[in-house]
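Now for the letters of each chain:
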Amino acid sequence: LPVRMADQLRADIMSKEIAPGSRITAKQIADLWNTSQVPVREAFSILAGEGLLEINAYRGATVLELSEERINEINDIVGALEVLLCRKCIKKGFSKELLDELYAINKELEELTEKISDTNQLAIERVTLNIRFHRTMYSICEGTETYRVYERYVRHLEALRHVYAMPKDRIIETVREHYQLLDAARAGDEDKIVSVIRVHSMNSRVRFGLYQGNVI
């Protein structure tokens, strides 16, 4: 329950449903969720550790401003972790079954771009599939410290990507880049997969100006 609460609160903070500077209390959230204050306090602790809340003794928590510097830092961390994970995954080797699963997920993404014309709707619906693609790809490293840290920060990007609309032409490019990643994975080509993931991560960065504009 604390993790689910943290996920929902994180999404609300990053979408600005809960505005920066707002004060929230464990009682307020517990009443909203019809639960006790204990899991809420645990959720607050998770988000404080992520730099999204400042805990105030006996006065709840204050929602912190998500700055351009912070968003850029999250982008940089995820990009660096993806390079490291790609290297580790290539060394471990991709099974045929895993590659087939990844091709199937990316095919779903490709079909979304063909059947949904509205950019905002497409951007929203692609988020879950896109994160699923990357989590599945790196699942070879599940249980490692690298993967655990990646999971923590990718939740931030997942929430942020519900806030701004990625342009449709960029979404189409991400599908092509996924296929390039999979071709490199199938070939066991470490240099190629690292080269592609660096371009992919850089091109897919959350842009602060779009986040600031809250376009979705």
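Further up the page is the structure itself.
Treat the numbers as computed from the prediction; the structure is a model and nothing was measured. (Residues numbered from 1 in each chain as written. Predicted model: local features only at pLDDT ≥ 70, side-chain atom pairs only at ≥ 80, totals over all residues. Heavy atoms only, no water.)

Participant: Got a minute to help me understand the packing of helix α5 (residues 96-115) against helix α8 (residues 168-187) in this structure?
Facilitator: Packing of α5 against α8 brings their axes to within 10 Å, and their N-to-C directions diverge by 165°. Judged on the interaxial angle alone, α8 and α5 are roughly antiparallel. In this structure, the crossing between α5 and α8 has a hand that is left-handed. Judged by residue contacts, Leu99, Asp100, Leu102, Tyr103, Asn106, Lys107, Leu109, Glu110 and Thr113 of α5 engage Lys168, Ile171, Ile172, Val175, His178, Tyr179, Leu182, Asp183, Ala185 and Arg186 from α8. Partitioning the contact of α5 with α8 into residue classes produces 10 nonpolar, 3 polar and 6 charged. (Axes fitted to C-alpha atoms, helices over the stretch in contact; angles between N-to-C directions. Helix = DSSP H or I, 4+ residues; strand = E, 2+ residues; numbered from the N terminus. Parallel < 35°, antiparallel > 145°, perpendicular 65-115°, else oblique. Left-handed = near helix turned anticlockwise from the far one by under 90°. Contact = heavy atoms within 4.5 Å. Nonpolar A, V, L, I, M, F, W, Y, C, P; charged D, E, K, R; others polar.)

Participant: Got a minute to help me understand the environment of Glu173 in this structure?
Facilitator: Along the polypeptide, Glu173 turns up in helix α8. Linking Glu173 and Glu110, residues 63 residues apart in sequence, is a C-alpha distance of 10.0 Å.

Participant: I keep staring at the sheet that holds strand β3 (residues 61-63) and nothing clicks. Help me out?
Facilitator: Backbone-to-backbone hydrogen bonds pair the strands of a sheet. The strands run either parallel or antiparallel. Pairing is antiparallel across the open sheet formed by 3 strands, whose spatial order is β1-β3-β2. Unpaired on one side and paired on the other, β1 (23-24) and β2 (53-55) mark the two borders of the sheet. Of the pairings in the sheet, the one linking β1 to β3 comprises 2 bridges and is antiparallel in character. Each bridged residue has a counterpart across the sheet, and for Ile24 the counterpart in β3 is Ala61. Across the sheet, helix α3 (residues 37-49) is in contact with β1, β2 and β3; its angle to β2 comes to roughly 120°. (Pairing = 2+ DSSP bridges.)

Participant: When you look at the side chain of Glu151 in this model, what are you seeing that I'm missing?
Facilitator: Turning to its location among the elements, Glu151 is positioned in helix α7 (residues 145-160). With a relative accessible area of 14%, Glu151 lands in the buried category. Of note is the side chain of Glu151, whose polar atom sits 2.6 Å from the side chain of Arg135. (Buried < 20%, exposed > 50% of the residue type's maximum accessible area, 1.4 Å probe, protein only. Polar contact = N/O pair within 3.5 Å; in protein donor to acceptor, adjacent residues only side chain to side chain.)

Participant: Is there a simple way to think about the pattern of salt bridges in this case?
Facilitator: Where charged atoms from two side chains of opposite charge come close, those side chains can pair. Under the counting rule described, the total for this entry stands at 15 salt bridges. Here Arg205 and Asp76 are joined by a salt bridge, their closest N and O atoms 2.7 Å apart. Taken as a pair, Arg205 in the loop between α9 (190-203) and α10 (208-213) and Asp76 in helix α4 (residues 68-92) lie far apart in primary sequence, 129 residues in all. Glu151 is the partner of Arg155 in a salt bridge, and the nearest nitrogen-oxygen pair spans 3.9 Å. Placement of the pair is Arg155 and Glu151 together in helix α7, with a separation of 4 residues, close to one helical turn. Ionic contacts of the salt-bridge type, sharing partners, join the residues Arg135, Glu151, Arg155 and Glu158 into one network. (Salt bridge = Lys/Arg side-chain N within 4 Å of Asp/Glu carboxyl O.)

Participant: Hey, could you run me through the state of the cysteines in this one?
Facilitator: Each disulfide consists of one covalent bond between the sulfur atoms belonging to two cysteines. A full pass over the atoms with the stated rule returns 0 disulfides. Among the cysteines around Cys86, which has no disulfide bond, Cys89 carries the closest sulfur, lying 6.5 Å off. For Cys86, a relative accessible area of 0% puts it in the buried group. With no disulfide of its own, Cys89 has Cys141 as its nearest cysteine by sulfur position, at a separation of 3.6 Å. (Disulfide = S-S within 2.5 Å.)

Participant: Mind showing me how you'd approach the environment of Asn75 here?
Facilitator: You can see Asn75 is positioned in helix α4. Apart from the residues lying within four places of it in its own chain, the contact partners of Asn75 are Leu157, Arg205 and Val206.

Coordinates in, geometry out; function isn't part of it.
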